[in-house]
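These are the residues of each chain, in order.
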Amino acid sequence: MARQRLAIVGPADSVNLILSVAREKEEIFVPVPIIYREASEVPEILWQRTGEADIWLFSGIVPYRYALTVPRWAKPLLYIPHTGSSLYRVFAQITQRAGLPLDHISFDTFSRWEIEETFRDIDQPLPTVFIKQYAGVISAGELTAFHRELWNNGQTRAVITCFHKTCEELSSLGIPAFRIWPTRDSIRAALDAATRVAESMRFLEAQIAVGHIAIDGYENLVREASSSYDVNRIEIRLYEILIDFAQQIGGSVIPQGGGQYIVFTTRGRIAELTKDFTVLPILDTITQKLRVHVSGGIGFGATAYQAEENAHMAHGLAHRQGPGQWMIVTDDRTAIGPLNTVAQLRYPVGVGETKRKTLAKRLQVSPITLDRLAAFIEETAAATVGIEEVASYLEITSRSARRIMSTLRNMGLAHYCGDEASGRGRPRKTYRFASERILK
């Protein structure tokens, strides 16, 4: 059975520790060590090295939070949690190695509840503590400044941080700083979780994949062709392209007549070829060699019936996106697509589809424009945007963009943020999307 490639991401010392424990799982994983200098490098690492690993394991919650900021990431992400035993070790370093009392300490990342519980476990009264909690990501520089100010004011005698760089910078200033490390027990627990994920992935990879592929507007093509031979030539060329495609994915292709074809393979081969369901090289080949649009729907399932049913649904969704579009529907009825577009989304089919239809109707836009809008909202997140930016991204007029933003404001899905100077021209009106509400 093929081993899964496990990326182990973190500072050098943490990665080396995790690698030493990961040898216990060498029959399951091929470790891929990835070392960073600062946790903020994680998003770029993911984009640059996405093809090097199947599962990504981070040395702690800090790099994991940075990984979560990468949009449309499809591979499993895990991290080694900082447990009470991690704090016990740091307490021992503070009292025994550094000879400092446990009385005035500044923390980051941990919650007050975790700290209080740890002191109860060691039967010690809670000392004076200062805690920097935050949601999402934060820079090492911000945490360094937080701890340094407390030290300069005489409020703390020791610093406990989860950031490698913060620990280094504070130590260089002569401030007693101690970094949280993963313990071997927590590493083993995370590797056990990764093992369960690997087993689940093997099951998913073996799922049946069915592709429904059709020439768009086939009836019009037949009606407008100068002879049936012209149509036959197009079908033959498409069939040859699909044969090459089937060979790439270790599958088979069956002509259905009327410009329609069915392809059979496995989910694992589709995931590999499409780089985790983002790009489909065959679309470029079809565009180059044929003068017709070809749409497709790919469905996954534990049985052929389920896979084919999902393929039909995916093909229907593709048709609604416009000519030449391709969609995927997974075994859990998650729609993915359109493939090969910047506006690609993942959303549940069913209740989510009803809400999408309602929103598209309310905004008076097509499904593909709605998908582009959702992709734009996901990319801009909490940033402010102007009407011209919306119009440019959606490929619509400024007037249409203004109407969409006005409707979103009335629905409470966008907020006016004020005017912003833009060179010598009139100040531009800026808005912020209620991203979580819209994408949900």
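Residues numbered from 1 in each chain as written. Predicted model: local features only at pLDDT ≥ 70, side-chain atom pairs only at ≥ 80, totals over all residues. Heavy atoms only, no water.

1. Concerning the packing of aromatic side chains
Right, so step 1: This model, assessed by the stated rule, comprises five aromatic pairs.
Right, so step 2: Here the aromatic rings of Phe91 and Phe119 are separated by 4.8 Å at their centres, their planes lie at 40°, and the arrangement is tilted. Separated by 28 residues along the polypeptide, Phe91 in helix α4 (residues 84-97) and Phe119 in helix α5 (residues 112-121) bring together distant segments of the chain.
Right, so step 3: The buried category is assigned to Phe119, whose relative accessible area is 2%.
Right, so step 4: Considering the side-chain rings of Tyr239 and Tyr261, the 6.2 Å spacing of their centres and the 15° angle between planes classify their relative orientation as stacked. Remark: Tyr261 occurs in strand β11 (residues 260-266) and Tyr239 occurs in helix α10 (residues 228-248); sequence separation between them is 22 residues.
Right, so step 5: Judged by relative accessible area, Tyr239 falls into the partly exposed class, the value being 30%. (Phe/Tyr/Trp six-rings, centres within 6.5 Å; stacked < 30°, edge-to-face > 60°. Helix = DSSP H or I, 4+ residues; strand = E, 2+ residues; numbered from the N terminus. Buried < 20%, exposed > 50% of the residue type's maximum accessible area, 1.4 Å probe, protein only.)

2. As for the sheet that holds strand β16 (residues 385-386)
Either a parallel or an antiparallel arrangement is found when strands of a sheet pair, and the pairing is made through backbone hydrogen bonds.
Right, so step 1: Taking strand neighbours across the sheet as the criterion, the three strands line up as β16-β18-β17 in an open arrangement whose pairing is antiparallel. Each end of this open sheet is capped by a strand with a single partner; those strands are β16 and β17 (414-420). (Pairing = 2+ DSSP bridges.)

3. Some points on the sheet that holds strand β1 (residues 4-10)
Right, so step 1: What the four strands build is an open sheet, ordered β2-β1-β3-β4; its pairing is parallel. Across the chains shown, the open sheet's two edge strands, defined by having one partner strand only, are β2 (29-35) and β4 (77-79). This sheet shows a mean twist of 25° between the axes of neighbouring strands, independent of strand direction.
Right, so step 2: On the sheet, helix α1 (residues 12-22) packs against β1, β2 and β3 (55-58) and is oriented at approximately 150° with respect to β1. (Axes fitted to C-alpha atoms, helices over the stretch in contact; angles between N-to-C directions. Contact = heavy atoms within 4.5 Å.)

4. Considering the side chain of Asn310
Right, so step 1: Mapping Asn310 onto the fold places it in helix α13 (residues 304-321).
Right, so step 2: Residue classification places Asn310 among the buried positions, given a relative accessible area of 0%.
Right, so step 3: One polar contact links the side chain of Asn310 to the main-chain carbonyl oxygen of Phe300, over a distance of 2.8 Å. (Polar contact = N/O pair within 3.5 Å; in protein donor to acceptor, adjacent residues only side chain to side chain.)

5. With respect to the pairing of strand β13 (residues 326-329)
Right, so step 1: Side chains Trp326 and Ile328 project from β13 onto one buried face, and the interleaved Met327 and Val329 project onto a second face that is buried too.
Right, so step 2: Across four bridges, strand β12 (residues 294-301) lies against β13 in parallel orientation. Bridge pairing links Gly297 to Met327 in β13.
Right, so step 3: Where the polypeptide runs from β12 across α13 and back to β13, its parallel neighbour, the crossover connection is left-handed.
Right, so step 4: By the bridge criterion, two bridges tie β13 to strand β14 (residues 334-337) in an arrangement that is antiparallel. Across the sheet, residue Val329 finds its bridge partner in β14, namely Ala335.
Right, so step 5: From the end of β13 to the start of β14, which pair antiparallel, there are four residues, and Arg333 there has a positive phi angle of about 65°. (Right-handed = clockwise from strand over helix to strand, strands pointing away.)

6. A closer look at the layout of surface pockets
Right, so step 1: In this model, the largest pocket occupies a volume close to 1,100 Å³.
Right, so step 2: In terms of lining residues, the largest pocket is bounded by 40 residues, among which Ala74, Lys75, Ala271, Lys275 and Asp276 are the most central.
Right, so step 3: Residue assignment for the lining of the largest pocket shows that the elements contributing at least two residues are β1, α8 (184-205), α11 (267-273) and β14.
Right, so step 4: In terms of residues, the lining of the largest pocket owes the most to one element, α8, which gives six residues. (1 Å grid on protein atoms, 1.4 Å probe; cavity = no way out; pocket = protein on both sides within 12 Å on 5 of 7 lines; lining within 4 Å. Points joined across faces, edges and corners; volume = space filled by probe spheres on them.)

7. Some remarks on empty space enclosed by the protein
Over the atoms rolls a probe the size of a water molecule, and in doing so it shows where empty space is left.
Right, so step 1: By the definition in use, this model includes two cavities of 30 Å³ or more.
Right, so step 2: Size it by volume and the largest cavity reaches roughly 140 Å³.
Right, so step 3: Together, 20 residues line the largest cavity, and Pro11, Tyr36, Cys162, Phe163 and His164 are the ones closest to its centre.
Right, so step 4: Elements that contribute at least two residues to the lining of the largest cavity include exactly α3 (61-67) and α7 (164-172).
Right, so step 5: Take the lining of the largest cavity: its biggest share by element is three residues, from α3.
Right, so step 6: Residue classes in the lining of the largest cavity are distributed as 11 nonpolar, five polar and four charged.
Right, so step 7: Taken as a whole, the second largest cavity spans an internal volume of roughly 50 Å³.
Right, so step 8: Around the second largest cavity, the lining residues are Ala209, Val210, Gly211, Ile213, Phe245, Ile249, Val263, Thr265, Ile270, Ile298 and Trp326.
Right, so step 9: Among the elements of the structure, β9 (208-215) and β11 are those that each provide at least two residues to the lining of the second largest cavity.
Right, so step 10: Looking at the lining of the second largest cavity element by element, the count peaks at four residues for β9.
Right, so step 11: Per-class residue counts for the lining of the second largest cavity are nine nonpolar, two polar and no charged. (Nonpolar A, V, L, I, M, F, W, Y, C, P; charged D, E, K, R; others polar.)

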